[in-house]
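Survey of secondary and tertiary structure
Here is what each chain is made of, one letter per residue.
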Amino acid sequence: MALNHHPHEDTLWAYATGNLDEASGVLVATHLALCPACRREVAALEATGGAMFESIDAAPMAGNAFEKLMARVEAETGPRAANSNAKPIRTAPAVGGNSATVLPRPLRDYVGGDLDAFAWRRMTAGVDYVDLPVNAEGRRARLLRIAPGTRVPTHGHGGEEMTMVLAGGYSDASGSFARGDVQTADESTVHQPVADPGEPCICLTVTRGPLMPTGVLSILTKLFPRLGA
């Protein structure tokens, strides 16, 4: 499958080096399951990171360094293990599976099912959503289901937003996005996505900061905060 839109290279680098937040990591792993080009790039980045690590000269360590390291590991892993919402992220994309499923395997395994496992909630006319229980401070992951032909209200962004199409597609002023494509928006982006006709557009979004509605909708959002949540 040849895709037209991909995560930014610095995002892939953060993923390859294990420095990406959980919500964004879920999205990137899901994209990799559908994108051979990005899988090759991540493999190359991992090799580069490994070569850089091997080139670092060893430094002398204090005699109690190991004991300090183990104490730190125990301190950091204890509370995390107690978090019932924490779920593992697949570090390598799994390709294949039932072609009738909508969610690629990394996302399907993460949430424990496909689209029929969710109780969708209404956001606005033609747009439903489900919040995903990711463990990522400051970021939110959602599935969106947008009815065919629906014009999402024009909006800006209070922070970075990555959107990956899982089914159907949409277009805005920057181009068209189909299954597997990823659009990255930031504070400079103001757009109005329009879902393609024919079938619902299913998207995975990862956002940092709220959406910033424009025009009349910005007034409605002050009265009904969920519209911009």
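Look a little higher up for the structure.
All figures in this text were calculated on a predicted structure; none of them were measured in a lab.

Reading the values: the criteria
- Residues numbered from 1 in each chain as written.
- Predicted model: local features only at pLDDT ≥ 70, side-chain atom pairs only at ≥ 80, totals over all residues.
- Heavy atoms only, no water.
- Axes fitted to C-alpha atoms, helices over the stretch in contact; angles between N-to-C directions.
- Helix = DSSP H or I, 4+ residues; strand = E, 2+ residues; numbered from the N terminus.
- Parallel < 35°, antiparallel > 145°, perpendicular 65-115°, else oblique.
- Contact = heavy atoms within 4.5 Å.
- Nonpolar A, V, L, I, M, F, W, Y, C, P; charged D, E, K, R; others polar.
- Salt bridge = Lys/Arg side-chain N within 4 Å of Asp/Glu carboxyl O.
- Buried < 20%, exposed > 50% of the residue type's maximum accessible area, 1.4 Å probe, protein only.

Quick notes on the packing of helix H1 (residues 9-16) against helix H2 (residues 22-32)
Relative orientation of the contacting elements H1 and H2 amounts to 100 degrees, with a least axis distance of 10 Å. With respect to H2, the axis of H1 lies roughly perpendicular. Here Thr11, Leu12 and Tyr15 of H1 come into contact with H2, specifically with Gly25, Val28, Ala29 and Leu32. Residue composition of the contact of H1 with H2, grouped by class: 5 nonpolar, 2 polar and no charged.

Focus on the pattern of salt bridges
Per the counting criterion, the structure on display carries 5 salt bridges. Of the charged contacts in the structure, one is a salt bridge between arginine 122 and aspartate 128, with a shortest N-O distance of 2.6 Å. Judged by relative accessible area, which is 45%, arginine 122 ranks as partly exposed. Linking arginine 139 and glutamate 160 is a salt bridge whose minimum nitrogen-to-oxygen distance equals 3.7 Å. You can see arginine 139 sitting in the loop between strand S2 (127-132) and strand S3 (140-146) and its partner glutamate 160 sitting in the loop between strand S4 (155-157) and strand S5 (161-167), a full 21 residues away along the chain. Using a relative accessible area of 18% as the deciding quantity, one classes arginine 139 as buried. Take glutamate 160: its relative accessible area is 22%, and that puts it in the partly exposed class. Through salt bridges with shared partners, a single network forms among Asp21, Arg139 and Glu160.

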